[in-house]
Amino acid sequence: MKYTPEQIQQLTDELNQYTDNASKRKPIKRGSTIVPPNFPSIEEFIFQNSVCNSKYFYELEKKYESISRAVQRLRSLQASFAFQYGMNRQYSERMAIFVLQNITSWREKQEIENKTPTQIIIKRPERKKQADGI
């Protein structure tokens, strides 16, 4: 499926509109339970807009700067949702960690590089001297 420049611009506009609408999603209170908003995703956008398959969409993202910027904007919203609702335990902790690791540079463990020089001295054990004439 080939897209014209006008269709690429329309697709970019629709993705930006999707992101704008998703950013307005708020938790819903049902009795004593607070239900978090649906998590925005590129796959949901592709499905709702009958754009194309996700593999082709990611190829478009690599090829067109406007789509790439719109996708980055959506990923920033995803990170915000994961952090905000994950910290409030409205999304599962594992889901929030998974999202943050996959769309940001966030990591669970911290790697520390030791730049302090270390000197290692190896001492060989002394050999026992043999007695003369034995």
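As the structure is a computational prediction, the values presented were derived from the model and not from experiment. (Residues numbered from 1 in each chain as written. Predicted model: local features only at pLDDT ≥ 70, side-chain atom pairs only at ≥ 80, totals over all residues. Heavy atoms only, no water.)

1. Details of the nonpolar core
Rules: Within this scheme, the nonpolar core is defined by two criteria: the residues are buried Ala, Val, Leu, Ile, Met, Phe, Trp, Tyr or Cys, and they are joined through side-chain atoms within 4.5 Å. Using a 1.4 Å probe on the protein chains alone, a residue whose accessible area is under 20% of its type maximum counts as buried, one over 50% counts as exposed, and one in between counts as partly exposed. Labels follow the DSSP assignment, with helices taken as runs of H or I lasting at least four residues and strands as runs of E lasting at least two, numbered in each case from the N terminus. Throughout, a residue-residue contact means that at least one pair of heavy atoms, one from each residue, lies within 4.5 Å.
The biggest cluster of nonpolar side chains holds 21 residues, and the ones touching the most others in it are Leu 11, Leu 15, Phe 45, Val 51, Phe 57 and Ile 67. Elements represented by at least two residues in this core include exactly α1 (5–23), α2 (42–49), α3 (54–63) and α4 (65–87). Examining the composition of this core, we find that seven residues originate from one element, α4, more than from any other. Every residue in contact with Phe 45, bar those within four places of it in the chain, is listed here: Leu 11, Glu 14, Leu 15, Tyr 18, Val 51 and Phe 57.

2. Points about α1
What counts is decided by this rule: Expected helix span is taken as 1.5 Å per residue step, with the number of steps being one fewer than the number of residues. The reported arc concerns the directions from the helix axis to the C-beta atoms and nothing else.
When the terminal C-alpha atoms of α1 are compared, their 27 Å separation across 19 residues agrees well with the 27 Å that a helix rising 1.5 Å per residue should span. Listed as buried for α1 are Ile 8, Leu 11, Thr 12, Leu 15, Tyr 18, Thr 19 and Ala 22. Here the buried residues of α1 occupy an arc of 120° about the axis, which is enough to place them on one side. On its buried face, α1 sits against α2, α3 and α4.

3. Quick look at the packing of aromatic side chains
This is how it is decided: Pairing of aromatic rings covers Phe, Tyr and Trp, the last through its six-membered ring, and needs centres within 6.5 Å; plane angles under 30 degrees mean stacked, over 60 mean edge-to-face, and all others mean tilted.
The full count for this structure, using the stated rule, is five aromatic pairs. Taken together, a centroid distance of 6.5 Å and an interplanar angle of 80° make the contact between Phe 39 and Phe 81 edge-to-face. Of the two residues, Phe 39 is situated in the loop between β2 (33–35) and α2 and Phe 81 in helix α4; the sequence distance between them amounts to 42 residues. A centroid spacing of 5.3 Å and a plane angle of 70° characterise the contact between Phe 81 and Tyr 85, whose relative ring orientation is edge-to-face. Pair noted here: Phe 81 and Tyr 85 are both in helix α4, with a separation of four residues, about one helical turn.

4. A few points about the packing of α1 against α4
To keep things clear, this is the line we draw: Helix axes are fitted to C-alpha atoms over the stretch in contact, other axes to C-alpha atoms as well, and angles between N-to-C directions run from 0 to 180 degrees. In these notes the angle categories are as follows: under 35 degrees is roughly parallel, over 145 is roughly antiparallel, 65 to 115 is roughly perpendicular, and the rest is oblique. Note on convention: the crossing is left-handed when the near helix lies turned anticlockwise from the far helix by less than a right angle, right-handed when the turn is clockwise. In this classification, Asp, Glu, Lys and Arg are treated as charged, Ala, Val, Leu, Ile, Met, Phe, Trp, Tyr, Cys and Pro as nonpolar, and every other residue, Gly included, as polar.
Closest axis-to-axis distance for the α1/α4 pair is 9 Å, and the angle between their directions is 15°. Relative to α4, the element α1 lies roughly parallel. Crossing of α1 over α4 shows left-handed handedness. Contacts between α1 and α4 involve Ile 8, Leu 11, Thr 12, Leu 15, Asn 16, Tyr 18, Thr 19, Asp 20, Ala 22 and Ser 23 from the former and Ser 66, Ile 67, Ala 70, Val 71, Arg 73, Leu 74, Leu 77 and Phe 81 from the latter. When its residues are assigned to classes, the contact of α1 with α4 shows eleven nonpolar, five polar and two charged.

5. A closer look at the pattern of salt bridges
Test applied: Salt bridges are counted wherever a side-chain nitrogen of Lys or Arg sits within 4 Å of a carboxyl oxygen of Asp or Glu.
According to the stated counting rule, one finds five salt bridges in the structure shown. A salt bridge links Arg 25 to Glu 44, with the nearest nitrogen and oxygen atoms 3.2 Å apart. You can see Arg 25 sitting in the loop between α1 and β1 (28–30) and its partner Glu 44 sitting in helix α2, a full 19 residues away along the chain.

6. As for α3
Taken residue by residue, α3 has Phe 57, Leu 60 and Glu 61 as its buried positions. End-on view of α3: buried residues confined to an arc of 105°, all on one side of the axis. Exposed side chains of α3 directed beyond 90 degrees from the buried face belong to Lys 55, Lys 62 and Lys 63. Here the buried face of α3 lies against α1, α2 and α4.

7. Description of the packing of α3 against α4
Look at α3 against α4: their axes get within 6 Å of each other, and the N-to-C directions meet at 110°. Compared by their axis directions, α3 and α4 come out roughly perpendicular. Counted together, Phe 57, Tyr 58, Leu 60, Glu 61 and Lys 63 of α3 and Glu 65, Ile 67, Ser 68, Val 71 and Arg 75 of α4 form the full contact between these two elements. Its residues assigned to classes, the contact of α3 with α4 shows five nonpolar, one polar and four charged.

Structural measurements only, silent on function.
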